[in-house]
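A structural walkthrough
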Amino acid sequence: MTRSIADIMRDRDRLLGPGVSTFYDDPVHIVRGEGVWLWDAEGRKYLDCYNNVPVVGHCNPRVVEAICRQAGTLNTHTRYLHEGILDYVDKLTGTMDASLEAAAMTCTGSEANDIALRMAEGMTGKRGIVATDATYHGNTALVSQLGRSNPPSVGFGLGQYFRFVEAPDSYRRPDPDGQTFAAAVETEIAAHEAEGHGFAALVICPYFLNEGFPQNADGWLKPVAEVVRRAGGLLICDEVQSGFGRTGTHMWAHQKMGVVPDIVTMGKPMGNGHPVGGVVTRAEILGTFRRGYRYFNTFGGNPVSCAAAMAVLKEIEDKDLVAHAGRVGEHARQRLFALLDKYEVIGDVRGSGLIFGAEMVLDREDKTPATEFTDRVINAMRHRGIIHSKLGRHKNTLKIRPPLPFSIENADLLFDTLDEVLAETSVHA
Ligand code: PMP
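Reference entry: report on the structure contained in this document. Everything quoted here is computed from the prediction, not taken from an experiment.

Counting its secondary structure elements, the protein chain contains 12 helices and 15 strands. Computed over C-alpha atoms, the radius of gyration of the protein chain comes to 21 Å, within 12% of the 22 Å expected from 2.2 N^0.38 for 429 residues, which places it in the range of a compact globule. C-alpha atoms of the protein chain, sized along the principal axes, occupy 60 × 55 × 45 Å. Out of the 429 residues belonging to the protein chain, those deemed buried represent 52%. In the protein chain, the share of contacts with a sequence separation of at least 24, taken over all contacts with a separation of at least 6, comes to 74%.

Our next topic: the site of the ligand. Around the ligand, 15 residues are found, and the nearest of them are Thr 108, Gly 109, Ser 110, Gly 138 and Val 240. With 3 residues, the single largest contributor to the shell around the ligand is helix H4 (residues 109–124). Taken together, the residues that form the shell around the ligand break down as 3 nonpolar, 10 polar and 2 charged.

This part takes up the packing of helix H2 (residues 61–71) against helix H9 (residues 303–318). Where H2 meets H9, the closest approach of the two axes is 8 Å, and the angle between their N-to-C directions is 155°. The orientation of H2 with respect to H9, classified from their angle, is roughly antiparallel. Two packed elements cross with a definite hand, and for H2 against H9 that hand is right-handed. Where H2 approaches H9, its residues Arg 62, Val 63, Ala 66, Ile 67, Gln 70 and Ala 71 are matched on the opposing element by Pro 303, Val 304, Ala 307, Ala 308, Met 310, Ala 311, Val 312 and Glu 315. Each residue belonging to the contact of H2 with H9 can be placed in one class, and the counts come to 11 nonpolar, 1 polar and 2 charged.

With 12 residues, helix H1 (residues 5–16) ought to run about 16 Å at 1.5 Å a step, and its terminal C-alpha atoms sit 15 Å apart, in line with that. With respect to burial, H1 is a largely exposed element, only 0 of its 12 residues being buried. In the segment just after H1, Gly 17 is the residue with positive phi, at about 90°.

Closest axis-to-axis distance for the helix H11 (residues 371–383)/helix H12 (residues 408–424) pair is 10 Å, and the angle between their directions is 125°. Viewed along their axes, H11 and H12 adopt a mutual orientation that is oblique. Between H11 and H12 lies a crossing of right-handed hand. For the pair formed by H11 and H12, the contact residues are Val 377, Ala 380 and Met 381 on the first element and Thr 417, Leu 418, Val 421 and Leu 422 on the second.

What follows concerns the sheet that holds strand S13 (residues 386–387). Taken together, the 4 strands give an open sheet; going across it, the order is S1-S2-S3-S13, and neighbouring strands pair in mixed fashion. Every interior strand has two partners, whereas the edge strands, strand S1 (30–34) and S13, have only one. With 3 bridges connecting them, strand S2 (residues 37–40) and strand S3 (residues 45–48) associate as antiparallel partners. The residue of S3 that forms the bridge with Trp 39 is Lys 45.

Next up on the list: the sheet that holds strand S9 (residues 263–266). Read from one edge to the other, the open sheet built from 7 strands follows the order S4-S10-S9-S8-S7-S5-S6, with strand pairing classed as mixed. What marks the edges here is a single partner per strand, and that holds for strand S4 (102–106) and strand S6 (162–165). Between one strand and the next, the sheet's axes are offset by a mean angle of 20°, whatever the strand orientation. Across the sheet, helix H3 (residues 83–93) is in contact with S4 and strand S10 (277–281); its angle to S4 comes to roughly 120°.

With that out of the way, let us pick up the environment of Ile 115. The topology assignment puts Ile 115 in helix H4. Take Ile 115: there are 28 C-beta atoms within 10 Å of it, and that puts it in the buried class. For Ile 115 and Ile 346, which are 231 residues apart along the polypeptide, the C-alpha to C-alpha distance reads 40 Å. Those residues in contact with Ile 115, other than ones at most four positions away along the chain, are Ala 104, Thr 106, Val 279 and Tyr 295.

Quick notes on the rules
- Per chain, the residues get numbers from 1 upward, laid out in the order the sequence is written.
- pLDDT decides what is reported in this predicted model: residues at 70 or higher carry local features, side-chain atom pairs at 80 or more are listed and counted, and totals for whole chains, interfaces and linings draw on all residues regardless.
- Counting from the N terminus, the helices are DSSP H or I runs at least four residues long and the strands are E runs at least two residues long.
- Throughout, radius of gyration means the C-alpha value; the globule benchmark is 2.2 Å times the number of residues raised to the power 0.38.
- Three exposure classes are used. Buried residues have 20 or more other C-beta atoms within 10 Å of their own C-beta, exposed residues have 12 or fewer, and partly exposed residues fall in between, all C-beta atoms being placed from the backbone.
- Two residues qualify as being in contact provided that their C-beta atoms, derived from the backbone, are within 7 Å of each other.
- Each residue receives a C-beta atom built from its backbone; the residue is near a molecule or strand if that atom lies within 6 Å of it.
- Polar here means any residue other than Ala, Val, Leu, Ile, Met, Phe, Trp, Tyr, Cys and Pro, which are nonpolar, and Asp, Glu, Lys and Arg, which are charged; Gly is therefore polar.
- For helices, the fitted axis covers only the stretch in contact; all axes are lines through C-alpha atoms, and the angles between them, taken along N-to-C directions, range from 0 to 180 degrees.
- Should an angle lie under 35 degrees it is considered roughly parallel, over 145 roughly antiparallel, and from 65 to 115 roughly perpendicular; all remaining angles are considered oblique.
- Throughout, a crossing is termed right-handed when the near helix is turned clockwise from the far one, and left-handed when it is turned anticlockwise from it by less than a right angle.
- In a helix, the anticipated span is given by 1.5 Å times the number of residues less one.
- One requirement defines pairing of two strands: DSSP has to find at least two bridges between them.

Read these as geometric descriptors, not functional statements.
In structure tokens, the structure reads:
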């Protein structure tokens, strides 16, 4: 190790500027990864229960090989003809409804969402966007205005085009059939119309991951999709976190939620860590966007990115990772329910496939969020070699979202350790 943790922290501040976030009171210096395991600079091993980006496992050999082979053959910008992007988009769109047949490739999820909003403007001639009040959709000047968990304090004055509905919360405000959510969206659409912006789109993560993944029933988005269509707007599903089999029942969470969106955006797991994102939509929407916005992206869809992304899709398919995520996720939830019976502090258990977690409360009656306790648990787990995090409006929900090859044995190690930590950690500091 060339620098101590203290030196790295100081140099991060000096070289990268203040406020670059880290995890844990005692940040981890990771130097190597393999499958679901990570190693720090001192050789300590950690079980990765957090990272969704390496969806087919850290340093997956098939992805590494595809990247190296393509990087050793050709990598260039996207104005030359290359079949890699065509083969990839063909395979990717093959995982969705037939209407979602074309794509624009990007480097990040933020770019993908930025494009999606402009597509909605292009198609509808309107600018009013509706999102949830506990979301995050990226970091461009446009989409950063949608971030509610850590909203920017300055911007380009685009805020008037965004209206927010209360994020669904199955634990505190049950809405079993999605009608309350649909009605709230309808109200915000009417407000956009009244203000003269009109309504362009609803943008949501179909599994509301940043919002704390409420336990919504399959098909739950159908009523809101109807509201959006009736108002002449587009439904944008941000699958940056929820896509690529994460929920263990479908490749895409919108399929689980029973809707065919107009636009699907993606990123994070798409290249297993290689920066690649995309926007999949109908040919008509993409055509209107390309003609109107003259979009060009130097790196988006370059041959190496497409090789990485193709290897991810093939790995998910060949290893049947969606079904695997479903099986292991079910076991994980059983283990979590057993902990709910044992510890009063666990108020609710949620999730599907390999996104699961528990909401921590000081009392089950009032459901007072145990935010500090959750923090202490996460830090204690980190010291025992288990990496995960927290999320949700009150930052009191354990966020467990491992690479998809995560096994039953991995889940048992996670929950055996969590059991020990919950037994030892006092609810009141
Ligand atoms: N959408 C969602 C739902 C996200 O969680 C994120 C990143 N956390 C983004 C978009 C932005 O993706 P990126 O960081 O690749 O720009």
